[in-house]
Amino acid sequence: MSVYSMTGFASATERAGQASDDTPARASVTVDMRSVNGRFLDLSLRLPDDLRMLEPAMREIVAGTVRRGKVELRVATQREGDAALPEPSTDQLNRLSRLESTVLGWMPSARPLSVNEILQWSRQGGASEKLDAAAIGAARRCAEALREARAREGARLAETLLERTVALRALSVKAAPLVPAVVQRQQQRFLERWNEALASAGAASSGIEASHERALGEAAALALRIDVAEELTRLNAHLDEIDRLLRAGGEVGKRLDFLIQELHREANTLGSKSATLELSSLSVDMKVLIEQMREQVQNLE
């Protein structure tokens with residue numbers, strides 16, 4: 001299954017049929033869709049007045065292909081040969097005559113139809129159903145094209161994210177061997193300073209043994225505070241889950257966003273516990289990569 005970006009654009013045009021007595025002016029419908037990132041599905045429709053009744057169908061088409069994002073759908077109609085005079089059919093003229101007679105019968109003061117109004121009615125009156133069908137067909141093709149565009153963009157984002165997880169693992173591999181050495185060095189330094197403090201204070205020999213046991217306990221507590229092996233383990237577990245989600249595809253944006261927050265937490269803890277410049281530098285490099293991933297994940301569906 002693909003990973004979909006929330007950013008994309010697509011356009012589709014559908015013709016409303018060949019010119020005929022019922023459709024004097026050959027028409028076409030163009031549907032444009034553009035989408036950007038958003039927490040939920042936010043759909044904005046811009047339809048001509050004569051196609052306003054298609055709004056529920058348009059919403060259903062978009063909702064069937066897009067789950068998240070701010071989507072704008074625009075529909076435009078164009079009638080080819082509008083400059084040419086239409087030729088009303090006999091049926092159209094008979095129907096129009098009956099309607100005019102009915103209106104004048106009830107409203108004798110009403111103004112009769114002009115030739116221009118008759119021609120305009122003949123141009124538009126017979127094409128509405130075909131125009132509706134063309135609009136629905138164009139919307140379906142446009143929605144599918146938008147989904148394909150979002151899939152292509154999502155594939156590129158997924159590739160970028162996988163590159164970042166590889167880089168984070170490389171930093172984790174660099175940090176792992178440093179942890180035992182750092183812990184041991186800090187413990188040794190703590191004990192040396194403890195003994196120096198006891199010597200300068202002139203502690204009695206009977207109290208030195210008890211102080212030494214206390215010093216060992218403090219050194220063990222210090223080791224627990226600065227040991228980041230657990231954070232590195234959790235960080236690698238989060239990276240494994242991110243890789244799994246990206247390869248599985250589908251609607252992964254929200255879950256990836258949560259995992260990125262967890263990665264930030266582990267990297268921050270690594271930096272706060274860091275007792276050496278090397279680990280601090282690795283923590284900063286991790287945060288830079290994680291922030292880059294966060295920006296990319298914000299665009300995933």
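Every chain's residues receive numbers from 1 upward, in the order its sequence appears when written. At least 70 in pLDDT is required for a residue's local features to be given in this predicted model, at least 80 for side-chain atom pairs to be given and counted, and no such filter applies to totals for whole chains, interfaces and linings, which use all residues. Processing note: side-chain calculations cover all non-hydrogen atoms of the structure and skip hydrogens and water entirely.

### Examining the confidence of the model for the protein chain
Phase 1: Scored from 0 to 100, pLDDT reflects the predictor's confidence in each residue. With 72% of its residues at a pLDDT of 70 or more, the protein chain shows a mean pLDDT of 79.
Phase 2: Low pLDDT (under 50) marks residues 19–25, which in the prediction has 20 contacts with non-local residues, meaning those over four places away or in another chain.
Phase 3: Throughout, a residue-residue contact means that at least one pair of heavy atoms, one from each residue, lies within 4.5 Å. Between residues 219–224, whose pLDDT stays under 50, and residues either more than four places distant or in other chains, the model counts nine contacts.

### Concerning the environment of Ala139
Phase 1: Secondary structure elements follow DSSP: runs of H or I of four or more residues count as helices, runs of E of two or more count as strands, with numbering from the N terminus. Relative to the assigned elements, Ala139 resides in helix α4 (residues 128–175).
Phase 2: What makes Ala139 buried here is its relative accessible area of 0%.
Phase 3: On a C-alpha basis, the gap between Ala139 and Val29 in space is 9.3 Å, while along the polypeptide they are 110 residues apart.
Phase 4: Setting aside residues up to four positions removed in sequence, Ala139 forms contacts with Val31, Met33, Met58 and Ile61. Think of it in three bands: residues with accessible area under 20% of the maximum for their type are buried, residues over 50% are exposed, and the middle band is partly exposed, with areas taken using a 1.4 Å probe on protein chains only.

### A word on the side chain of Asp243
Phase 1: Tracing the chain through its elements places Asp243 in helix α7 (residues 229–248).
Phase 2: Looking at Asp243, the relative accessible area reads 9%, which means it is buried.
Phase 3: At a separation of 3.1 Å, a polar atom in the side chain of Asp243 contacts the side chain of Thr165.
Phase 4: Dropping the residues within four chain positions of it, Asp243 is found in contact with Leu162, Thr165 and Arg169. In the analysis that follows, any N or O atom pair within 3.5 Å is treated as a polar contact, provided that within protein one partner can donate a hydrogen and the other can accept it, and provided that, for residues neighboring in sequence, both atoms belong to side chains.

### A short note on a nonpolar patch on the surface
Phase 1: Each patch groups residues whose relative accessible area exceeds 30% and which form no salt bridge, using 9 Å between like charges and 5 Å between nonpolar side chains of Val, Leu, Ile, Met, Phe, Trp and Tyr. To measure how exposed things are, a 1.4 Å probe is used in the Shrake-Rupley method; for residues, cover is taken only from the protein chains shown. What makes a salt bridge here is a side-chain nitrogen of Lys or Arg within 4 Å of a carboxyl oxygen of Asp or Glu, nothing more. Among the surface-exposed residues, Val103, Trp106 and Met107 lie close enough to one another that they form a single nonpolar patch of about 400 Å² accessible area.
Phase 2: Tracing the sequence through the fold places Met107 in the loop between α2 (90–106) and α3 (115–125).

### Regarding helix α1 (residues 55–63)
For an α-helix, the turn length of 3.6 residues means that residues three or four places apart are oriented alike.
Phase 1: Buried within α1 are the following residues: Met58, Ile61 and Val62. Along α1, the residues classed as buried sweep out an arc of 95 degrees about the axis, all on the same side. Set apart from the buried face of α1 by more than 90 degrees, the exposed residues are Pro56 and Glu60. What the arc describes is the spread of directions from the helix axis to the C-beta atoms.

### Things to note about the pattern of salt bridges
Phase 1: Evaluated as defined, the whole model comprises 16 salt bridges.
Phase 2: Glu72 is paired through a salt bridge with Arg46; the nearest N and O atoms lie 3.2 Å apart. Here Glu72, found in strand β4 (residues 69–80), pairs with Arg46, found in strand β3 (residues 41–46); they are 26 residues apart in sequence, far enough to count as distant.
Phase 3: Residue Arg46 is classed as partly exposed on the basis of its relative accessible area, which comes to 44%.

### Points about helix α9 (residues 277–297)
Phase 1: Its 21 residues give α9 an end-to-end C-alpha distance of 30 Å, which sits within 8% of 30 Å, the value for a rise of 1.5 Å per residue.
Phase 2: Among the residues of α9, those classed as buried are Leu279, Leu282, Ser283, Met286, Leu289, Ile290, Met293 and Val297. What you see down the axis of α9 is that its buried residues fit within an arc of 130 degrees, all on one side. Expected span of a helix, by definition, is 1.5 Å for each gap between consecutive residues, and there is one gap fewer than residues.

### Structural notes on the side chain of Ser35
Phase 1: In this structure, Ser35 sits in strand β2 (residues 26–36).
Phase 2: Note on Ser35: relative accessible area 4%, which makes it buried.
Phase 3: Only 3.0 Å separates the side chain of Ser35 from the backbone oxygen of Met6, close enough to count as a polar contact.
Phase 4: If near-sequence neighbours (up to four positions away) are discounted, Ser35 is found in contact with Met6, Thr7, Gly8, Lys70, Val71, Leu146 and Arg150.

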